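Tertiary structure, described
For reference, the chains in residue letters:
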Amino acid sequence: MAQELDADPRIGVVHVIDQDEAVQWPLERWEGIDVAIVDVFDENAPAEIGTDVFSGISALDRLGDLPVRTFAITPHCQHPLIQLRIHQAKADWLYHRWEVNDPDRLVAALLDPQPDHVPQRPDDAVLRQYGSHRAHTNQAVGLYQRSALSGLLRPGIGIKSLHLPRRTVDAFRVEVACSGFEGTENLSTATRVHRAPRWPDVRDFVLTLLGRHSTPSTEVDRDDGGISHGVSRR
């Protein structure tokens, strides 16, 4: 796809990097790049345990405050919390794969992105169902990735099966609550102020953000290995 894009006289592909490298690049490396095309879905991740299936969102989050416009590509089925992650990562545009599945359609979208493809925040009424209308989702993902729990989470896992000190798990629960996750239990306001959500609630929230719980199946239909393209207009 990069070669086909570069063949268009209106576009110049200056870098092709994977999602992890995009996160680690020094900020000055992005100077002179007009648009970053980011495939948010990592096709290798489903075979792993406890990693981020949508790791491209971390690249979007990294670029959110830079003068680089971000063009996110995603599978067409999305959970509201994944939509919220993309919105909070400040992606400029969001296109589904089927909309840009050949070079001509992708070039047309890059040169004339449509206003109806600006990522939208899900309704608060929807987010409240997941205890997440105040959640800073990418902050919660970062907390997990930097914690002792990273790579250990899987659906249904209990605290004992983590083989970590209870104090470590409880501290993680509190950190996730401080990132804005309120939980889904029906607690009184007085109780909620003093109590972090229970472990199963926090576990499932984080797994959902990682694309590993209660998320629709995604199409694995590309062959680029989850790359990010740095593009400048000619």
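The structure we're discussing is the one just above.
These numbers come from a predicted model, not from an experiment. Throughout this document, residue positions are counted from 1 along each chain, in the order its sequence is written. Confidence filtering applies because this is a predicted model: local features only for residues at pLDDT of at least 70, side-chain atom pairs given and counted only at 80 or more, and all residues used for totals across whole chains, interfaces and linings. For side-chain calculations, the full set of non-hydrogen atoms in the structure is used, while hydrogens and water are omitted.

**Considering the overall build of the protein**
Here a helix means four or more residues in a row that DSSP labels H or I, a strand means two or more in a row labelled E, and each is numbered from the N terminus. Counting its regular elements, the protein contains 11 helices and five strands. Looking at the protein residue by residue over its 234 residues, the buried ones come to 47%. Relative to all contacts within the protein whose residues are 6 or more apart in sequence, the contacts with residues 24 or more apart total 71%. Accessible surface is estimated by sampling points in the Shrake-Rupley manner with a 1.4 Å probe; for residues, cover comes only from the protein chains shown. Carbon together with sulfur atoms contributes 49% to the accessible area of the protein, which is approximately 11600 Å² in total. Partly exposed residues are those whose accessible area sits between 20% and 50% of the maximum for their type, while under 20% is buried and over 50% is exposed, using a 1.4 Å probe and protein chains only. Working rule for contacts: check all heavy atoms of both residues, and any pair within 4.5 Å makes them a contact.

**Some words on the side chain of aspartate 42**
As for its position among the elements, aspartate 42 is in the loop between strand S2 (35–39) and helix H3 (56–63). The definition of a polar contact used here is a pair of N or O atoms within 3.5 Å, where within protein one atom must be able to donate a hydrogen and the other to accept one, and adjacent residues in sequence count solely through side-chain atom pairs. Polar side-chain contacts of aspartate 42 include one of 3.0 Å to the backbone nitrogen of asparagine 44.

**Some details on the packing of helix H4 (residues 80–88) against helix H7 (residues 137–145)**
Orientation of H4 relative to H7, taken along the N-to-C sense of each, is 100°, at an axis distance of 8 Å. Classified by the interaxial angle, the pair formed by H4 and H7 is roughly perpendicular. Two secondary-structure elements touch here, H4 through Leu81, Leu84, Arg85 and Gln88 and H7 through Thr137, Asn138 and Val141. Think of it as three bins: nonpolar holds Ala, Val, Leu, Ile, Met, Phe, Trp, Tyr, Cys and Pro, charged holds Asp, Glu, Lys and Arg, and polar takes everything else, Gly as well. Of the residues assigned to the contact of H4 with H7, the class counts are three nonpolar, three polar and one charged. To get an axis, fit a line to the C-alpha atoms, keeping to the stretch in contact for a helix; angles then go from 0 to 180 degrees between the N-to-C directions. If an angle is under 35 degrees, it is roughly parallel; if it is over 145, roughly antiparallel; if it lies from 65 to 115, roughly perpendicular; otherwise it is oblique.

**Describing unusual backbone geometry**
Not every positive phi belongs to a glycine, and lysine 90 is a case in point at roughly 65°. With respect to the helices, strands and loops of the structure, lysine 90 is situated in the loop between H4 and strand S4 (93–96). Located in the positive-phi region is histidine 163, a residue other than glycine, with phi close to 60°. Mapping histidine 163 onto the fold places it in the loop between helix H8 (159–162) and helix H9 (166–178).

**Looking at the environment of aspartate 124**
Within the secondary structure, aspartate 124 is located in helix H6 (residues 124–128). Each C-alpha atom, one on aspartate 124 and one on arginine 134, is 8.7 Å from the other, the two residues being 10 residues apart in sequence.

**Some details on the pattern of salt bridges**
Within this document, salt bridges are pairs made up of a side-chain nitrogen of Lys or Arg and a carboxyl oxygen of Asp or Glu, the two lying within 4 Å of each other. Tallied over the entire structure, the rule returns 10 salt bridges. Between aspartate 39 and arginine 97 there is a salt bridge, and its shortest N-O distance comes to 3.7 Å. Remark: arginine 97 occurs in the loop between S4 and helix H5 (103–111) and aspartate 39 occurs in strand S2; sequence separation between them is 58 residues. Using a relative accessible area of 5% as the deciding quantity, one classes arginine 97 as buried. Salt-bridge contacts for arginine 166 lead to aspartate 170; the nearest nitrogen and oxygen are separated by 3.2 Å. Note that arginine 166 and aspartate 170 are positioned in helix H9 at a spacing of four residues, about one turn of the helix. One salt-bridge network, held together by shared partners, links Arg166, Asp170 and Arg173.

**Focus on the pairing of strand S3 (residues 69–74)**
With five of its six residues buried, S3 lies for the most part within the structure. Sheet topology places S2 next to S3; five bridges connect them, and they run parallel. When the sheet's bridge partners are listed, alanine 36 is paired in S3 with threonine 70. A right-handed crossover is one whose linking path, passing over the helix from the first strand to the second, runs clockwise when the strands point away from the viewer. Where the polypeptide runs from S2 across H3 and back to S3, its parallel neighbour, the crossover connection is right-handed. Across four bridges, S3 lies against S4 in parallel orientation. A pair of strands counts as paired when DSSP detects no fewer than two bridges linking them.

**Overview of the packing of aromatic side chains**
In this description, an aromatic ring pair is defined by two values, namely the gap between the centres and the angle between the planes. Two aromatic rings from Phe, Tyr or Trp, using only the six-membered ring of Trp, form a pair when their centres are within 6.5 Å; if the ring planes differ by under 30 degrees the pair is stacked, by over 60 it is edge-to-face, and anything between is tilted. Tallied over the full model, the rule gives five aromatic pairs. Note on criteria: charge over ring means Lys NZ or Arg CZ within 6 Å of the ring centre, with the direction from the centre no more than 35 degrees off the ring normal. A cation sits over an aromatic face here: arginine 29 above tryptophan 25, 4.3 Å from the ring centre.

**A word on H9**
Here the expected length of a helix is defined as 1.5 Å per residue gap, with one fewer gap than residues. Its 13 residues place the ends of H9 18 Å apart at the C-alpha level, agreeing with the 18 Å of an ideal helix rising 1.5 Å per residue. Buried within H9 are the following residues: Val169, Phe172, Arg173 and Val176. One face of H9 carries all of its buried residues, which in axial projection span an arc of 100°. Of the exposed residues in H9, those oriented more than 90 degrees away from the buried face are Arg167 and Cys178. Residues of H9 that are buried sit in contact with H7, H8 and helix H11 (199–209). With its phi angle positive at about 115°, glycine 180 sits one or two positions after the end of H9. What the arc measures is the spread of directions leading from the helix axis to the C-beta atoms.

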